[in-house]
Amino acid sequence: MRKEKNTYFVKIKQKRLEKYYNMCYNYFHNKQIKEYCGKGEENMTFEAFQSYIKENVLKEWREDADIEMAVVRKNNGIELCGLYIRREEEQISPTIYLDEYYSYYLKGEALEEIITRIREEYEWKISRVADYHFNLEKFEYVRDRIVYRLVNYEKNKEILEDCPHLRLYDLALTFRWVAHSDDIGISTALVTNQELQVWGISMNELLLAARENTPRLFPVHMIDMDEMIAQAGIPISLDESAIPMYIMTNEQEVNGASVLLYDNVLESFALEKKTDFYILPSSIHECMIVPVLDGLTPEGLHEMVKEINEEHVAQEEILGDSVYLYTRSGSLLTIACSESGTDE
């Protein structure tokens, strides 16, 4: 009987863990399920929509500018249509993605209103970087802006061919330079092999700069899930049997999963909580930390992470399905469970 009782409470804890996990992700990303409200056969195709925008967005506005469109490869192989409005006196041209505007069109928004919104986005983006002057010819000019970012290795193989990176299990460490960062948002660009060659530096020099800058520009932020739920006013009664859970991200809560590579972050947390723990890749923006407890198996956590990634996480924001284990003995970070098995 005692064994059955323990199994029952393990299942209750597992259900609560899954619920907490979903709340965590929704808290950060505010995801809502929405349905397109199309207009039937009258809808333009995406290609026709792009042509319409290209032909009309500059009219009676910036007719002296040039306009270009290009496919932009984003994280995890996602491809978006980028619109670029270039003026001779402006050094940079912000990217405006038309995919989102096309979804507004499918929901019934007027093309004239979409044109207005695209112009407003351009004006807003160009104003944010108007006072910034970038010189990428020498590494010394951007050294203090170099940071690293974790991405999924398999989903980004094509992009990784063109940029310096380090493979870490099923993840890859890439490098970016920060063009702009404030309370409103962050603008970064991927460091490519071509830039590394122009700068004349080694991978070690790039990594050293990123190790110094990333924790400084994006400080670690650890959040207790119970405290977060209480502050958010979510009506859930917590009891002593609830599984302790923590969110690991940065203060900006943007690409925060990279903090797991910060020096001494995992070690300090393990010493403070006096436990080994699992790391669940909630998304590229944060990870979740769960103590190693009886009844919580890496295989069960892996299935949960995989299911939530498939149903709740945007494709571009998926970090991976693997579950990682940090042990105080030897201060080791390993894969506890992945598609290929355990203890890689």
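Note that residues are indexed from 1 along each chain, following the sequence as it is written. In keeping with the predicted nature of the model, local features appear solely for residues at pLDDT of at least 70, side-chain atom pairs appear and are counted solely at 80 or more, and the whole-chain, interface and lining totals rest on all residues. Values reported for side chains reflect all heavy atoms of the structure, with hydrogen atoms and water molecules removed beforehand.

1. Here's the deal with the overall build of the chain
Logical step 1: Summing up its helical and strand segments, the chain has 11 helices and 13 strands in all.
Logical step 2: When accessible area is computed with a 1.4 Å probe and restricted to protein chains, residues below 20% of their type maximum are described as buried, those above 50% as exposed, and intermediate ones as partly exposed. Buried residues in the chain amount to 44% of all 344 residues.
Logical step 3: As presented, the chain carries roughly 19000 Å² of accessible surface, and 47% of it is formed by carbon and sulfur atoms. Secondary structure is summarised from DSSP: a helix means a run of H or I of at least four residues, a strand means a run of E of at least two, and numbering begins at the N terminus for each. Per-residue and other accessible areas follow the Shrake-Rupley method at a 1.4 Å probe size, with only the shown protein chains counted as cover for residues.

2. Focus on the sheet that holds strand β13 (residues 332–337)
Logical step 1: With antiparallel pairing, the six strands of this open sheet are ordered in space as β8-β9-β11-β10-β12-β13. This sheet does not close on itself; its edge strands, each paired only once, are β8 (220–224) and β13. Neighbour-to-neighbour, the strand axes of this sheet turn through a mean angle of 30 degrees, independent of strand direction.
Logical step 2: A strand pair is defined by DSSP finding two or more bridges across the two strands. By the bridge criterion, five bridges tie strand β10 (residues 277–283) to strand β11 (residues 286–291) in an arrangement that is antiparallel. Paired with Ser283 across the bridge in β11 is Glu286.
Logical step 3: The contact criterion used throughout is that any non-hydrogen atoms of two residues lie within 4.5 Å. Fitted lines through C-alpha atoms serve as axes, helices being fitted only where they are in contact, and the angles separating the N-to-C directions of these axes extend from 0 to 180 degrees. Where helix α9 (residues 225–232) meets the sheet, it contacts β8 and β9 (246–250), and its direction lies at approximately 75 degrees from that of β8.

3. Overview of the confidence of the model for the chain
Logical step 1: The predictor reports its confidence for every residue as pLDDT, a score running from 0 up to 100. Residues of the chain with pLDDT of at least 70 account for 81%, and the chain-wide mean is 84.
Logical step 2: The weakest mean pLDDT in the chain belongs to helix α1 (residues 2–29) at 51; the strongest belongs to helix α8 (residues 203–217) at 97.
Logical step 3: Overall, residues 1–10 carries pLDDT values under 50, and its contacts beyond four positions in sequence, including any with other chains, amount to two contacts.
Logical step 4: Residue range residues 29–41 is modelled with pLDDT below 50. Its contacts to residues more than four positions away, or to other chains, number 21 contacts.

4. Notes on a negative patch on the surface
Logical step 1: Candidate patch residues must exceed 30% relative accessible area and have no salt bridge, after which like charges are joined if within 9 Å and Val, Leu, Ile, Met, Phe, Trp or Tyr side chains if within 5 Å. The salt bridge definition used is simple: a Lys or Arg side-chain nitrogen within 4 Å of an Asp or Glu carboxyl oxygen. Positive charges come from Lys and Arg alone, negative charges from Asp and Glu alone, with His and the N- and C-terminal ends not counted. All charge positions are set by atom: Lys at NZ, Arg at CZ, Asp at CG, Glu at CD. Taken together, the side chains of Glu303, Glu307, Glu310 and Glu311 define an acidic patch exposed on the protein surface.
Logical step 2: Mapped onto the secondary structure, Glu311 falls in helix α11 (residues 298–311).
Logical step 3: The class of Glu311 is exposed, set by a relative accessible area of 55%.

5. Structural notes on the sheet that holds strand β3 (residues 96–97)
Logical step 1: In spatial order, the strands read β1-β2-β3; together these three strands make up an open sheet with antiparallel pairing. Of all strands in the sheet, those bounded by a partner on one side alone are β1 (66–73) and β3.
Logical step 2: Where helix α2 (residues 46–56) meets the sheet, it contacts β1 and β2 (79–86), and its direction lies at approximately 145 degrees from that of β1.

6. Some remarks on the nonpolar core
Logical step 1: Buried Ala, Val, Leu, Ile, Met, Phe, Trp, Tyr and Cys residues form a nonpolar core when they are joined through side-chain atoms within 4.5 Å. If you look at the biggest cluster of nonpolar residues, it comprises 39 residues, and the most contacted ones within it are Phe139, Ile146, Trp199, Leu206, Met248 and Phe277.
Logical step 2: Among the elements that take part in this core, strand β6 (residues 171–181) stands out by supplying six residues, more than any other.
Logical step 3: The residues contacting Phe139, other than those within four sequence positions of it, are Ile146, Trp199, Ile201, Glu205, Leu206 and Ala209.
Logical step 4: Core analysis: the second largest hydrophobic core is formed by 23 residues, Ile53, Ile67, Leu83 and Tyr102 among them.

7. Digging into the environment of Tyr148
Logical step 1: Examined against the element boundaries, Tyr148 turns out to sit in strand β4 (residues 146–152).
Logical step 2: Judged by relative accessible area, Tyr148 falls into the buried class, the value being 6%.
Logical step 3: With 25 residues separating them in the primary sequence, Tyr148 and Leu173 have C-alpha atoms 6.4 Å apart.
Logical step 4: Those residues in contact with Tyr148 that lie beyond four places of it in its chain are Leu173, Thr174, Phe175, Ala210, Arg211, Thr214, Ser258, Leu261 and Tyr262.

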